[in-house]
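# Working through the structure, step by step
Chain residues, written in single-letter form:
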Amino acid sequence: MRFRHPDGSTVHLAYCTNVHPAENLEGVRAQLRDHCEPVRKRLGRDRIGIGLWLARDAARALINDPAALRSLRSELEHRGLEVVTLNGFPYEGFGAQEVKYRVYTPDWTDPERLAHTTDLARLLAALMPDDVTEGSISTLPIAWRTPYAGDPTAAATAQKALVTLAQRLDALAELTGKSIRIGLEPEPGCTVETTADAIAPLTGVGHDRIGICIDTCHLATSFEDPDTAIDALHTAGVPVAKAQLSAALHAEHPHLPEVRAALGAFAEPRFLHQTRTLTVAGLRGTDDLDEAVYGGALPDSAPWRSHFHVPLHAPPAPPLTSTLPVLRSVLTRLVGGPEPRTRHLEVETYTWQALPAELRPRTRSQLADGIAAELTLARDLLTDLGLKELP
């Protein structure tokens, strides 16, 4: 979905396909047929954007077979789908029964992360519409905090990899005319946990092709103030390559038994749900929701937020809620001003099948309905900010 900003530029809105498990090219094609095109039809649009997730095997298949890449591009056009951004964070296995810590490997100290991201940039340049010259890829925020923190060479190794990537992106732009930016995506528990944590490593890389991806669930989980975060990035000259529109789980009164019980229904074995609370002594947290709910690992005198991407249009029932107000604030700062701070927005609710059983979509049709409802909410937020939806 494309929108005209009041300054005349185009802002792109997509939804991320990492919600649909696919490890190979056949699986990607099935996503387009079974999920993405039905979402487009529900929205009544001739074209919608998707933030494509290409796992390692799918990406390698496309890199090694130019005919398959051309065929995929044709299929995207045929189904009314366009790609200007990729989710390069998960490497493989995102549809596994247990993902947890696996999603953080390989990290930016491993040459495979550089190789995979280089492949993704080449593929994105080939898949983007002819009339679009700017692409973006979100990626791991360098590494999970351990064992990275105990390796004295890790920071230098990761920075060298990012500098090499920037050089490759320069060469790709020269060759194709497509300018691809990479956005490190801060996430609780990682070495880059907040937007503030991203400033030093990104200014160290010193290249405007390497910036940040703001995930509004992650920002809210860490209790970051949107205005402070975005102002600091602007002052430091860190570009916002893309923003992921997502909402975290919020519990205002975690000391109450009924709140604990409601939170416990969201503790599940597939994904990691880092949980945080803001105390007078600073931010306190756990790596997973069950540690907070059942393990007594967090003080409960102040609100808790958990890294659980809840559907934008359907916050959980009381006594819980979501951090949708944080998303609204971030979006206002990013695209509500005289010029957009980013032109790539991506709805990223990948946890539909991890929701409590009574909230999960039971059919493909119900999932498509939910994704379409999220995109409709995001569209309404953008038009409320003065952007005009384009055909």
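Let me begin by describing the structure that accompanies this report. Model, not experiment: these values are computed from the prediction. (Residues numbered from 1 in each chain as written. Predicted model: local features only at pLDDT ≥ 70, side-chain atom pairs only at ≥ 80, totals over all residues. Heavy atoms only, no water.)

Attention now moves to the overall build of the protein chain. A count of helices and strands for the protein chain gives 13 helices and 15 strands. Here the C-alpha radius of gyration of the protein chain, 20 Å, is about what a compact globule of 391 residues would show, namely 21 Å. Seen along its three principal axes, the alpha-carbon backbone of the protein chain occupies a region of about 55 × 50 × 45 Å. Split into buried and exposed, the 391 residues of the protein chain put 59% on the buried side. The long-range fraction of contacts in the protein chain, counting pairs at least 24 apart against all pairs at least 6 apart in sequence, stands at 79%. Surface accessibility of the protein chain: about 15200 Å² in total, with carbon and sulfur atoms responsible for 51%. Taken as two groups, the 39 positive and 50 negative side-chain charges of the protein chain have centres that lie 5 Å from each other. (Helix = DSSP H or I, 4+ residues; strand = E, 2+ residues; numbered from the N terminus. Rg over C-alpha atoms; globule rule 2.2 N^0.38 Å. Buried < 20%, exposed > 50% of the residue type's maximum accessible area, 1.4 Å probe, protein only. Contact = heavy atoms within 4.5 Å. Areas by Shrake-Rupley, 256 points an atom, 1.4 Å probe, with all protein chains shown as cover. Lys, Arg positive; Asp, Glu negative; His and termini not counted. Charge placed at Lys NZ, Arg CZ, Asp CG, Glu CD.)

Here we come to the packing of helix α12 (residues 324-335) against helix α13 (residues 364-384). At a closest axis distance of 10 Å, the pairing of α12 and α13 adopts a crossing angle of 45°. By the angle class used here, α12 and α13 are oblique. Once α12 is placed against α13, the crossing between them reads as right-handed. On α13, the residues touching L324, L327, R328, L331 and V335 of α12 are L377, L381 and L382. (Axes fitted to C-alpha atoms, helices over the stretch in contact; angles between N-to-C directions. Parallel < 35°, antiparallel > 145°, perpendicular 65-115°, else oblique. Left-handed = near helix turned anticlockwise from the far one by under 90°.)

Close approach of charged atoms lets side chains of opposite charge pair. Within this structure, the stated rule accounts for 29 salt bridges. One salt bridge connects E346 with K242, and the closest N-O pair in it is separated by 3.0 Å. A residue pair is termed long-range when its members are at least 10 positions apart, and E346 in strand β14 (residues 344-347) and K242 in strand β8 (residues 240-245) qualify at 104 residues. Among the residues examined, E346 registers a relative accessible area of 0% and is labelled buried. For K242, a relative accessible area of 0% corresponds to the buried category. Its salt-bridge partner being D300, residue R260 comes within 2.9 Å of it at the nearest N-O pair. Taken as a pair, R260 in helix α10 (residues 257-264) and D300 in the loop between α11 (289-295) and β12 (304-310) lie far apart in primary sequence, 40 residues in all. D300 gets classed as partly exposed once you look at its relative accessible area, which sits at 27%. In the salt-bridge network here, residues are joined through shared partners; they are R29, E37, R40, K41, E75 and R79. (Salt bridge = Lys/Arg side-chain N within 4 Å of Asp/Glu carboxyl O.)

The five strands are arranged β11-β10-β12-β9-β13 in an open sheet whose pairing can be described as antiparallel. The open sheet has two edge strands, β11 (282-286) and β13 (320-322), and neither has a second partner. Strand-to-strand twist of the sheet, defined as the mean angle between neighbouring strand axes without regard to direction, takes the value 30°. With three bridges joining them, strand β10 (residues 275-279) and β12 adopt antiparallel strand pairing. Looking at β12, one finds that R276 is bridged to R305. (Pairing = 2+ DSSP bridges.)

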